[in-house]
Amino acid sequence: MSDLRGPEGRDAGTDSARGRSRAGLSVGLTAIGIVVVAFWFVRNGVAQELPVWVWGGGAVALAAWAVREYGPPRVVVPSAVLMVAAGSLAVVHTDGLLLVPVIIGLVVLGAAPTLPGWAAVLAALAAVVVVAGIATVVGTSVALVLGVALGLALGVVIGISRRQLRIAEEQTRVLEEQARQADRDQQRARLLADRARDARDVHDVLAHSLGALVLQLDAVEALLEVGRVDDARRRATDARALAADGLAEARRAVRALRDDLPDADADTGTETAVAQGDPSSDESSAPESARTSRPAGDGIAALVDAHRSFGGTAVVQGDLDLPDVDEPTRAVVMAGVREALSNARRHAPGRPVSLSVIRDGDAVDVVVANPVAADGHGLLGMRERFEELGTDATVEAERSDGEFVVAMHVPVAQVADRPGVDGTTGRTS
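So, a few notes on the structure that sits alongside this text.

Reading guide: rules and limits
Residues numbered from 1 in each chain as written. Predicted model: local features only at pLDDT ≥ 70, side-chain atom pairs only at ≥ 80, totals over all residues. Heavy atoms only, no water. Helix = DSSP H or I, 4+ residues; strand = E, 2+ residues; numbered from the N terminus. Buried < 20%, exposed > 50% of the residue type's maximum accessible area, 1.4 Å probe, protein only. Contact = heavy atoms within 4.5 Å. Areas by Shrake-Rupley, 256 points an atom, 1.4 Å probe, with all protein chains shown as cover. Expected span 1.5 Å × (residues − 1). Arc of directions from axis to C-beta. Pairing = 2+ DSSP bridges. Axes fitted to C-alpha atoms, helices over the stretch in contact; angles between N-to-C directions. Parallel < 35°, antiparallel > 145°, perpendicular 65-115°, else oblique. Left-handed = near helix turned anticlockwise from the far one by under 90°. Salt bridge = Lys/Arg side-chain N within 4 Å of Asp/Glu carboxyl O. Nonpolar A, V, L, I, M, F, W, Y, C, P; charged D, E, K, R; others polar. Right-handed = clockwise from strand over helix to strand, strands pointing away. Phe/Tyr/Trp six-rings, centres within 6.5 Å; stacked < 30°, edge-to-face > 60°.

Bringing the overall build of the protein into the picture now. Counting its regular elements, the protein contains eleven helices and five strands. Looking at the protein residue by residue over its 429 residues, the buried ones come to 35%. Within the protein, counting contacts between residues at least 6 apart in sequence, those at least 24 apart form 64% of the total. In the structure as shown, the protein presents an accessible area of about 24200 Å², 59% of it carried by carbon and sulfur atoms.

So this is what it looks like as structure tokens:
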């Protein structure tokens, strides 16, 4: 039967099994160590007829060693203290045999995260004093005391090293968790930014298409009132084509929010239905000549032509092609102009709109002005687009002298960044 767990699950299971194996081996070795030391302690104690207090100290040290290994975590540190204190009393009389639990106790004290680092050092010094005092009383050689001191120092070093290792592992774990959290935050920020851009696109599509559709229908109503039925019918046909175009664009924008549809289907679904003559399509029955409301080409000039085709008036000054502006900035400027013209049609239908493109040194100013002020999500999205450029590009939208003015200030692209541009004239070759 195949393993249904993923690679991470299998690795986690392997690590867990290895951890249990290591823990079992450690418990077994500790048990053997306790039994061996206890055996030789009893055998030598009987042969040497050790004092009662030595028997008591050794028994307490061995019992604390067992409790430290097999007892609950809360008794680990107290057991280590007993191992050091009681074992120190029996080290000299057992010729260093009970030094084993003393060293292990110092390792535990040095590695304990709940104790300060100097606790193990202080315990080792106290043990050396006890051992030296007893050795002086019984007349033991200095070599034994020096050996015991070296063993105790080794235990302190091992304990502090284990403490540092655990601290480093904990810091690594915290850093890895912080890195994972930062990655999750970045992914969330990218997702929110993508959704904000999609929301702006949906707004632009609906505001542009529906605003123009309202103007067309108003024109149809006016033409019918004066009896110009043919002109009204033509305007109604244009309005229907405009509605179909807006619906197709809205579908593309909405499908961009979905992950379950391929981009190709999202971009070509309506066009395929039109090409096949599907009667359920919004554009299938609209003649090609009726689609005059769709701006031909791209750029600010196409937006101005569309604005005029919707019945608006625009006074243009400057080069609308923005030849000295890079593509990302040009796209943002176009979105700003589209929003400004759409606002002008909604809030000041029939009123003249001025659009100026002015080269100002190493920057270009694009200014759109109409007589009535407006605000809404479109202007907010416009500002967000300029902020996302990450350049010196700015946009301001405010009332000035009875007009609502949208002023866009964008830097000129560097000559090296624009292939095929003459560095002397700043124009395409």
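A few words now on helix α5 (residues 118–138). Taking 1.5 Å per residue, 21 residues should reach 30 Å; α5 reaches 30 Å between its end C-alpha atoms and fits that length. If you check which residues of α5 are buried, you get Ala119, Ala120, Ala123, Ala124, Ala127, Val131, Ile134 and Ala135. What you see down the axis of α5 is that its buried residues fit within an arc of 135°, all on one side. Of the exposed residues in α5, those oriented more than 90 degrees away from the buried face are Trp118, Leu122, Leu125, Val129, Thr136 and Val137. Where α5 ends, the next residue or the one after it, Gly139, has phi of about 75°, a positive value.

Further remarks concern the pairing of strand β4 (residues 394–400). Where β4 lies against strand β5 (residues 403–411), seven bridges are found, and the strand directions are antiparallel. Considered in β5, the bridge of Ser400 is made with Glu403. Between the end of β4 and the start of β5, which pair antiparallel, lie two residues, with Asp401 showing a positive phi angle near 55°.

Right, let's get into the packing of helix α4 (residues 99–111) against α5. Here α4 crosses α5 at 155°, and the two axes come no closer than 7 Å. Taken as axis vectors, α4 and α5 run roughly antiparallel relative to one another. Viewed along their axes, α4 and α5 form a crossing whose handedness is right-handed. Here Leu106, Leu109 and Gly110 of α4 lie close against α5, whose contacting residues are Ala120, Ala123 and Ala124.

Under the criterion given, the structure shown has nine salt bridges. With a shortest N-O distance of 2.5 Å, Glu170 and Arg173 are connected by a salt bridge. With Glu170 and Arg173 both in helix α6 (residues 142–225) and three residues apart, the pair spans about one turn of that helix. Using a relative accessible area of 40% as the deciding quantity, one classes Glu170 as partly exposed. Look at Arg173 and you get partly exposed, because its relative accessible area is 43%.

Assignment of secondary structure puts Ser79 in helix α3 (residues 76–91). Under the relative-accessibility criterion, Ser79 is labelled buried at 5%. Leaving out residues up to four positions away in the same chain, Ser79 has contacts with Ala64, Val67 and Arg68.

A word on the sheet that holds β4. The mixed open sheet is built from five strands, whose spatial order is β1-β2-β3-β5-β4. The open sheet terminates on both sides in strands that have one partner only, identified here as β1 (313–317) and β4. With strand direction ignored, the average angle separating the axes of adjacent strands in the sheet is 15°. The pairing of strand β2 (residues 352–360) with strand β3 (residues 363–370) spans seven bridges and is antiparallel. Bridge pairing links Ser354 to Ala369 in β3. Against the sheet, helix α9 (residues 300–309) makes contact with β1 and β2, and its axis sits at roughly 155° relative to β1, the strand it touches most.

Helix α10 (residues 327–347) packs onto α9 with a crossing angle of 10° between their chain directions and a minimal axis gap of 10 Å. In terms of their interaxial angle, α9 and α10 are classed as roughly parallel. With respect to the hand of their crossing, α9 and α10 are arranged in right-handed fashion. Where α9 approaches α10, its residues Ile300, Leu303, Val304 and His307 are matched on the opposing element by Val333, Met334, Val337, Arg338, Leu341 and Arg345. Class assignment of the residues belonging to the contact of α9 with α10 gives a composition of seven nonpolar, one polar and two charged.

Attention now moves to the pairing of β1. Sheet analysis places β1 next to β2, joined by five bridges and oriented parallel. Counted as the bridge partner of Val316 is Leu355 from β2. For the handedness criterion, the β-α-β arrangement of β1, α10 and β2 is classed as left-handed.

Buried within α9 are the following residues: Ile300, Ala302, Leu303, Val304, Ala306 and His307. On its buried side, α9 packs onto β1, α10 and β2.

A full pass over the atoms with the stated rule returns two aromatic pairs. Look at Phe39 and Trp40: their rings are 5.4 Å apart centre to centre, the planes differ by 80°, and that puts the pair in the edge-to-face class. On the basis of relative accessibility, which here comes to 46%, the residue Phe39 falls in the partly exposed class.

Topologically, Met382 is positioned in helix α11 (residues 377–389). Met382 sits in the buried class, given a relative accessible area of 3%. As for Met382 and Ala340, which are separated by 42 residues in sequence, their C-alpha atoms are 9.5 Å apart.

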